[in-house]
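Fold and geometry: a report
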Amino acid sequence: GPKVLQIPSHQIIDMGQMVTLNCDPVSNHLYFYWYKQILGQQMEFLVNFYNGKVMEKSKLFKDQFSVERPDGSYFTLKIQPTALEDSAVYFCASSSTGGMDTLYFGAGTRLSVL
Amino acid sequence: GDSVTQTEGPVTLSEGTSLTVNCSYETKQYPTLFWYVQYPGEGPQLLFKVPKANEKGSNRGFEATYNKEATSFHLQKASVQESDSAVYYCALSAGNTGKLTFGDGTVLTVKP
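Residues numbered from 1 in each chain as written. Chains lettered and ligands numbered in written order. Predicted model: local features only at pLDDT ≥ 70, side-chain atom pairs only at ≥ 80, totals over all residues. Heavy atoms only, no water.

1. Observations regarding the interface of chain B and chain A
- If you look at the interface, chain B gives 22 residues, while chain A gives 21 residues.
- Contact with chain A buries surface across chain B, with Thr97(B), Lys99(B) and Phe102(B) losing the most and accounting together for 30% of the total.
- Here chain B and chain A share one salt bridge between them.
- Linking Glu56(A) and Lys99(B) is a salt bridge whose minimum nitrogen-to-oxygen distance equals 3.1 Å.
- Elements with a minimum of two residues in the side of chain B that touches chain A: β5 (32–38), β6 (45–50), β10 (86–93) and β11 (100–102) of chain B.
- Per element, the largest residue contribution to the side of chain B that touches chain A is four residues, and it comes from β5(B).
- Classifying every residue of the side of chain B that touches chain A gives eight nonpolar, 10 polar and four charged. (Contact = heavy atoms within 4.5 Å. Buried area = accessible area lost by both parts, 1.4 Å probe. Salt bridge = Lys/Arg side-chain N within 4 Å of Asp/Glu carboxyl O. Helix = DSSP H or I, 4+ residues; strand = E, 2+ residues; numbered from the N terminus. Nonpolar A, V, L, I, M, F, W, Y, C, P; charged D, E, K, R; others polar.)

2. Focus: the pattern of salt bridges
Residues and elements named next belong to chain B.
- Summed over the entire model, instances satisfying the criterion amount to four salt bridges over all chains.
- A salt bridge links Lys 56 to Glu 63; the shortest N-O distance between them is 3.6 Å.
- Of the residues examined, Lys 56 reaches a relative accessible area of 54% and is grouped as exposed.
- Where Asp 84 meets Lys 77, a salt bridge forms, and the shortest distance between an N and an O atom there is 2.8 Å.
- Judged by its relative accessible area of 4%, Asp 84 is buried.
- Classification of Lys 77 as buried rests on a relative accessible area of 8%. (Buried < 20%, exposed > 50% of the residue type's maximum accessible area, 1.4 Å probe, protein only.)

Shown next as structure tokens:
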């Protein structure tokens, strides 16, 4: 099936530093998403992105967070500066048409903030 | 906002027994309902989805009916296998952004 690739699989970083999580979405998909999952807890929506713009964001998407997809390359989530509570697994997803379309998820990036 | 509530886990079953994971939802819009499954070290993957009320979805022996009156979408399987051990998420999508709202997930362990 369609594959979403996330790089790296695990990132360890000191509190206060910047981190960029990379996502290579399914080719030709137009809608992109980030979700956050703290160990053993539910999948929580952060943000979705279409046509170069944030469409919707949750309260978890703090001012320190930003997303972009320059020139059709990786879809990135940047956190600057990081905080201890940002430690979690971040999942990227993409879909073709939004709406009721299926979201395809990557395997996640485990972020550990020390 | 939208919300999804599902059976709290963990659920442990013996191979060959039946499974029911309850799911109820709240939204002011007309949702599409999904069941996703997540295996260790992977992201959630679609099990099946149902966009229309009173229709049934199914895949790999799992099934669920979109009950609009009861706002429910319970997952069932007649005979589980050890390979079904995973986390199961009920989810809904409403509106045109494609955003999924997930339930808390139900951890299923099937013993041989």
